[in-house]
Amino acid sequence: MKARLVWALAASLAVSHPVAVQARKMFPPGPAASVWWDDLIDDEPVLWRAGGLDGFKSRFRLSIAGIALQRVLIRIDQKANGEGVGRIAIVRRAGRGRDLVADVDRTFLVAARDMAALHEAIVVAKLWTTGPEEHWVVKDDICLDGEQLIFERADADGYRFSEANAQCTAPPAVLAVARQMIDLSGERRPLALLR
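Keep in mind the model is a prediction, meaning the values are calculated, not measured.

Describing the confidence of the model for the protein
Reasoning step 1: Confidence in the prediction of the protein, expressed as mean pLDDT, is 78, and 69% of residues score 70 or more.
Reasoning step 2: In the predicted structure, residues 1–24 sits below a pLDDT of 50 and forms 15 contacts with residues beyond four places in sequence or in another chain.

Listed below in structure tokens is the structure:
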């Protein structure tokens, strides 16, 4: 009888203290070496793996992380009809641990004409013109602080990854793509991270 009571008490204690789920790796092994924060909130899809399109025509994600110690994720998924559905999440670290806390987490809709304008801005910025990876990094200069911009794209042609530092190395046209994705999300706070 005493053993059953101890067992029931131990089982109830185990249930009342959930273990935090470790965040998954977000970026492929090669580019991940240059990423400052390579984790994400647990329900954000990994775009670089097989099945990353998940039925969409294309998927774009902008991740911003850096000196501000918060991360902004803006993902826009384009449907076959040209319209988009997006998600914005602004997350921060919970204390010194690896847990991430969402300050903003909501969805938004994108009209087909706005999706076409985003595609055009990407062409103007020459994102992914030389291959699936594009990096704007100045080898002889050191950029302290700043915000890292990571652009991802998944479509029928595969996965692409591009990065730049908003304050040091990002060309104006790349910053314009970031601003456009932020504007489409309807959340103004991330614009401050581009200054």
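Points about the environment of Ala176
Reasoning step 1: Within the secondary structure, Ala176 is located in helix 4 (residues 172–185).
Reasoning step 2: On the accessibility criterion, Ala176 (36% relative accessible area) is partly exposed.
Reasoning step 3: Taking C-alpha positions, Ala176 is 9.9 Å from Leu194, a pair spaced 18 residues apart along the chain.

Digging into the nonpolar core
Reasoning step 1: Counting residues in each nonpolar core, the largest one holds 33 residues, and the members touching the most others are Ile76, Leu118, Leu149, Phe151, Val177, Met181 and Leu194.
Reasoning step 2: Among the elements that line this core, the one with the most residues is helix 4, at seven residues.
Reasoning step 3: With eight residues, the next largest nonpolar core counts Phe27, Leu47, Leu73 and Ala154 among its residues.

So, the pattern of salt bridges
Reasoning step 1: Under the criterion given, the structure shown has ten salt bridges.
Reasoning step 2: Here Arg59 ties to Asp77 by a salt bridge, and the two come within 2.8 Å at their closest N and O atoms. In this pair, Arg59 is assigned in strand 1 (residues 58–66) and Asp77 in strand 2 (residues 70–78), connecting sequence segments 18 residues apart. An identical accessibility class is assigned to Arg59 and Asp77; each is buried.
Reasoning step 3: The closest approach of N and O atoms between Arg189 and Glu187, which form a salt bridge, is 3.0 Å.
Reasoning step 4: For Arg189, a relative accessible area of 51% translates into the label exposed.
Reasoning step 5: Here Glu187 falls in the buried class, since its relative accessible area comes to 13%.
Reasoning step 6: Salt bridges linked by common partners bring Arg59, Arg75 and Asp77 together as one network.

Definitions and cut-offs
Residues numbered from 1 in each chain as written. Predicted model: local features only at pLDDT ≥ 70, side-chain atom pairs only at ≥ 80, totals over all residues. Heavy atoms only, no water. pLDDT = per-residue confidence, 0-100. Contact = heavy atoms within 4.5 Å. Helix = DSSP H or I, 4+ residues; strand = E, 2+ residues; numbered from the N terminus. Buried < 20%, exposed > 50% of the residue type's maximum accessible area, 1.4 Å probe, protein only. Core = buried A, V, L, I, M, F, W, Y, C linked by side-chain atoms within 4.5 Å. Salt bridge = Lys/Arg side-chain N within 4 Å of Asp/Glu carboxyl O.

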